[in-house]
2 protein chains.
Amino acid sequence: MTNTNNKPLRDVVRPTTIVESGRLSARLGVNLTIATETFQHTGSFKLRAAYNLASQVPQRKIITASSGNFGQAMAYACKLLGKWCTIVMPDNSAQVKVAAVREYGGNVDLVNTLAKSRAQRVNEIAADHPDAYVSSAYDDPLVIRGNASLGEELCEMARTFDYIIAPIGGGGLTAGIVTAVRESGKSVKVVAAEPLLANDAARSLREGRIVYNETEPQTIADGARTVSVGNHNWAVLRDGLFSIVEVPEEKIEEGVRLLFSLANLKSEPTGALGVGAVLTQPEVFQGRSVCCVVSGGNVDAEVYREILGN
Amino acid sequence: MTNTNNKPLRDVVRPTTIVESGRLSARLGVNLTIATETFQHTGSFKLRAAYNLASQVPQRKIITASSGNFGQAMAYACKLLGKWCTIVMPDNSAQVKVAAVREYGGNVDLVNTLAKSRAQRVNEIAADHPDAYVSSAYDDPLVIRGNASLGEELCEMARTFDYIIAPIGGGGLTAGIVTAVRESGKSVKVVAAEPLLANDAARSLREGRIVYNETEPQTIADGARTVSVGNHNWAVLRDGLFSIVEVPEEKIEEGVRLLFSLANLKSEPTGALGVGAVLTQPEVFQGRSVCCVVSGGNVDAEVYREILGN
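Residues numbered from 1 in each chain as written. Chains lettered and ligands numbered in written order. Predicted model: local features only at pLDDT ≥ 70, side-chain atom pairs only at ≥ 80, totals over all residues. Heavy atoms only, no water.

## A look at the overall build of chain A
Working step 1: Counting its regular elements, chain A contains 14 helices and 10 strands.
Working step 2: By the compact-globule yardstick of 19 Å for 310 residues, chain A fits well, its C-alpha radius of gyration being 18 Å.
Working step 3: Principal axes of the C-alpha set define a box for chain A whose edges measure 55 × 40 × 40 Å.
Working step 4: Put simply, chain A has 310 residues, and 65% of those count as buried.
Working step 5: Of all intrachain contacts in chain A linking residues separated by at least 6 positions in sequence, the fraction that spans at least 24 positions is 73%.
Working step 6: As displayed, chain A has an accessible area near 11400 Å², and 48% of this comes from carbon and sulfur atoms.
Working step 7: Treating the 31 positive side-chain charges of chain A as one cloud and the 33 negative ones as another, the clouds have centres 4 Å apart. (Helix = DSSP H or I, 4+ residues; strand = E, 2+ residues; numbered from the N terminus. Rg over C-alpha atoms; globule rule 2.2 N^0.38 Å. Buried < 20%, exposed > 50% of the residue type's maximum accessible area, 1.4 Å probe, protein only. Contact = heavy atoms within 4.5 Å. Areas by Shrake-Rupley, 256 points an atom, 1.4 Å probe, with all protein chains shown as cover. Lys, Arg positive; Asp, Glu negative; His and termini not counted. Charge placed at Lys NZ, Arg CZ, Asp CG, Glu CD.)

## With respect to the environment of His41(B)
Residues and elements named next belong to chain B.
Working step 1: Structurally, His-41 is set in the loop between β2 (31-36) and α3 (46-56).
Working step 2: Sequence separation between His-41 and Val-13 is 28 residues, and the spatial gap between their C-alpha atoms is 6.9 Å.
Working step 3: Once residues lying within four places of it in the same chain are set aside, the contact partners of His-41 are Val-12, Val-13, Arg-14, Leu-47 and Tyr-76.
Working step 4: At a separation of 3.4 Å, a polar atom in the side chain of His-41 contacts the side chain of Arg-14. (Polar contact = N/O pair within 3.5 Å; in protein donor to acceptor, adjacent residues only side chain to side chain.)

## Remarks on the interface of chain B and chain A
Working step 1: Between chain B and chain A, the residue contacts involve 26 residues of the former and 26 residues of the latter.
Working step 2: For the pair chain B and chain A, the summed buried area comes to about 2300 Å², and 54% of that belongs to carbon and sulfur atoms.
Working step 3: It is Arg23(B), Asn264(B) and Arg305(B) in chain B that bury the most area against chain A; as a group they hold 31% of the surface buried on that side.
Working step 4: If you look at where chain B meets chain A, you find four salt bridges.
Working step 5: The shortest N-O distance in the salt bridge between Glu103(A) and Arg23(B) comes to 2.9 Å.
Working step 6: In this assembly, chain B and chain A are joined by 13 residue pairs in polar contact (both at pLDDT 80 or more).
Working step 7: Breaking the side of chain B that touches chain A down by element, the ones donating at least two residues are β1 (17-19), α5 (95-103), α11 (249-263) and α14 (301-309) of chain B.
Working step 8: With five residues, α14(B) is the single largest residue contributor to the side of chain B that touches chain A.
Working step 9: The class makeup of the residues in the side of chain B that touches chain A is 11 nonpolar, nine polar and six charged. (Buried area = accessible area lost by both parts, 1.4 Å probe. Salt bridge = Lys/Arg side-chain N within 4 Å of Asp/Glu carboxyl O. Nonpolar A, V, L, I, M, F, W, Y, C, P; charged D, E, K, R; others polar.)

## Quick look at α14(B)
Working step 1: Of the residues making up α14(B), those classed as buried are Tyr304(B), Arg305(B), Ile307(B) and Leu308(B). Looking down the long axis of α14(B), one finds its buried residues gathered within 165° of arc, a one-sided arrangement. (Arc of directions from axis to C-beta.)

## Some words on the relation of the copies chain B and chain A
Working step 1: The transformation that overlays chain B on chain A combines an axial shift of 0.0 Å with a rotation of 180°, and the residual RMSD is 0.0 Å. Seen this way, the second copy is the image of the first under a two-fold rotation axis.
Working step 2: A share of 100% of the interface residues of chain B reappears at the interface of chain A, consistent with the copies meeting face to face through the same patch. (Least-squares fit on C-alpha atoms with pLDDT ≥ 70 in both.)

## With respect to the nonpolar core
Side chains of nonpolar character tend, in soluble globular proteins, to be buried together.
Working step 1: By size, the foremost hydrophobic cluster in this structure holds 75 residues, and its most contacted members are Ile165(A) and Ile165(B).
Working step 2: When near neighbours in sequence (up to four residues on either side) are disregarded, Ile165(A) contacts Val191(A), Ala193(A), Gly274(A), Ala277(A), Val278(A), Phe285(A), Val290(A), Cys291(A), Cys292(A) and Val293(A). (Core = buried A, V, L, I, M, F, W, Y, C linked by side-chain atoms within 4.5 Å.)

## Some thoughts on the pairing of strand β9 (residues 243-247) of chain B
Residue and element names in this part refer to chain B.
Working step 1: For β9, the tally of buried residues reaches four of five residues, placing the bulk of the element in the interior.
Working step 2: Here strand β8 (residues 189-195) pairs with β9 via five bridges, running parallel. When the sheet's bridge partners are listed, Pro-195 is paired in β9 with Val-247. (Pairing = 2+ DSSP bridges.)

## Quick notes on unusual backbone geometry
Working step 1: Not every positive phi belongs to a glycine, and Thr42(B) is a case in point at roughly 70°.
Working step 2: As for its placement among the helices and strands, Thr42(B) is situated in the loop between β2 and α3.

## Overview of the sheet that holds strand β5 (residues 107-111) of chain B
Residues and elements named next belong to chain B.
Working step 1: One open sheet holds the four strands; their spatial order is β5-β4-β3-β6, and the pairing between them is parallel. A strand with exactly one partner marks an edge of an open sheet, and here the two such strands are β5 and β6 (132-135). Between one strand axis and the next, the sheet turns by 20° as a mean value, whatever way the strands run.
Working step 2: Alignment of strand β3 (residues 61-65) against strand β4 (residues 84-90), held across five bridges, turns out to be parallel. Paired with Ile-63 across the bridge in β4 is Thr-86. (Axes fitted to C-alpha atoms, helices over the stretch in contact; angles between N-to-C directions.)

## Regarding empty space enclosed by the protein
All names here are of chain B.
Working step 1: Taken as a whole, this structure holds four cavities of 30 Å³ or more when the rule is applied.
Working step 2: There is about 40 Å³ of room inside the largest cavity.
Working step 3: Along the walls of the largest cavity sit Ser-67, Pro-90, Asn-92, Ser-93, Arg-118, Glu-216, Asp-222 and Arg-225, which together make up its complete lining.
Working step 4: In terms of residue class, the lining of the largest cavity is made up of one nonpolar, three polar and four charged.
Working step 5: Lining the lining of the largest cavity are residues from two domains, each supplying at least three of them: domain 1 (9-44 + 140-309) and domain 2 (46-135). (1 Å grid on protein atoms, 1.4 Å probe; cavity = no way out; pocket = protein on both sides within 12 Å on 5 of 7 lines; lining within 4 Å. Points joined across faces, edges and corners; volume = space filled by probe spheres on them. Domains from an automatic or database assignment.)

## Focus on the packing of aromatic side chains
Working step 1: On inspection of all chains with the given rule, the structure shows 11 aromatic pairs over all chains.
Working step 2: Ring centres of Phe260(A) and Tyr304(A) lie 6.2 Å apart, and the angle between their planes is 65°; on these two criteria the pair is classed as edge-to-face. You can see Phe260(A) sitting in helix α11 (residues 249-263) and its partner Tyr304(A) sitting in helix α14 (residues 301-309), a full 44 residues away along the chain.
Working step 3: On the basis of relative accessible area, Phe260(A) is assigned to the buried category, the value being 2%.
Working step 4: Note on Tyr304(A): relative accessible area 1%, which makes it buried.
Working step 5: Aromatic ring contacts, followed pair by pair, group Phe260(A), Tyr304(A), Phe260(B) and Tyr304(B) into a single cluster.
Working step 6: Over the ring of Tyr163(B) we find Lys189(B); its NZ or CZ atom is 5.4 Å from the centre of that ring. (Phe/Tyr/Trp six-rings, centres within 6.5 Å; stacked < 30°, edge-to-face > 60°. Lys NZ or Arg CZ within 6 Å of the ring centre and 35° of its normal.)

## Regarding the side chain of Glu253(A)
All names here are of chain A.
Working step 1: Structurally, the position occupied by Glu-253 is in helix α11.
Working step 2: Take Glu-253: its relative accessible area is 16%, and that puts it in the buried class.
Working step 3: With near-sequence residues (within four places) excluded, Glu-253 lies in contact with Ile-220, Ile-307 and Asn-310.

What follows is the structure, given as structure tokens:
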């Protein structure tokens, strides 16, 4: 069956929220624009990917693995579309993310990722539901296309950025932004910000092939705890990214604190990777017009309190 | 000398940021729209008042008393306009607010309000600067007019609210919103949200005359630590407000936590008074279309951590 009543993506997602802070610009030494997806439905950019995918595939059931934000987004998208979904999540995911998936009506399947990979668990569930679409959280042309909508919004703005910096985990967000920038014809450099602890993408770029982490890296940026970038994303990123900045954990946390104190913005650690990248390589961005994409805001109060107190 | 190069108010202030949260709406049982001024220049709505005042008066020097946000806003406005200002602040003001006034180039004069009133200290400084304009932080027709710009934005929106709820301290914000709603011809009920600990405005409305607190009430909502509403504001509010909700301290804190967890919004305690009002009188707002104005986001990390941990 086809879905004829689907609304177009940009009628469903909220436009990204632009936040400017003269004090944070001054602190970072750049002309900073923050594009925050923390006020997107479900609190992260992931709705762009999830809605685009769920509205395009003909299946009524969707199974996916997600460290959390894609799960919330998929649950919400499926609710809008009247579809069924099960989300496989690591058992150490942020509690708020697990609760939210359930609140949006999604089924949650918790897996101990030290004992079994998320992919293995997804395959087990898929065997029980042969009529379901098994969706990657980050590696699908429909995901890239959905995320491109954010890049389109940034390219439609009157101002032109020297750099757009966005977090990288599986690479779906940056692949979407690169795609949109290319289509716009603008000469904006797209930079990926990756936790140093989970630097498989940076190593991939250096080695010219996809490099895999042996286990999911335990960075505080839980949205970037992926084993590798996806194949579809890699095809876009390998020559589409200007660079990848490897951000130490303490710079991620400093990014969260600076967004709190100087921009009044609540960010999850993954969302602060862009600001963390500027803190890590200040000489690269000094004096330039920089757009930092804050990818999401869903963080447990306890984790947030700990970061603010450090 | 007159200021001929002043930009119009609405070219200087940022439009208020609209945030919607299905989860917070569901939790509160209302159709909620958040109009947040946390991303306004200087982090609160006060720039609307400060810029309007500083750009309209002919004096080049301005002296004012402020628990903080008006001080930051006045310092920023004076910087834009090339004017000089001194801000008298209680010595227990949020540290971030004191630091920010100084960062924007304003002079800070700290006063122990248990020993001397802010007004007394302002008069002392004014005696040394007879050429200065002594500005109220909340009671001046130019303040009301500046704050009315926020009400205008809310009335220009396509949706029509049953209620607009905004914090009340000196009454400048609510007087501005009432003024704009009246001018728009819309039949929106404007509700003021006041800390129960600092309920002089509610008592004033009950008694039909301005009632004064004996000292500045030590509510956690530091933006509402005023001794009374202002005379100009009272003239608007006495028959312009639909009601005043007296919000207990614990509901203010709960409002901060709900904005954090369900709307990804960092609010200062005063900014959460609107949500606190809905929590305090749920039966009044149940099922209605409610706009909560979040007046500002400037809160010390330590205070915020404490609230999140409660």
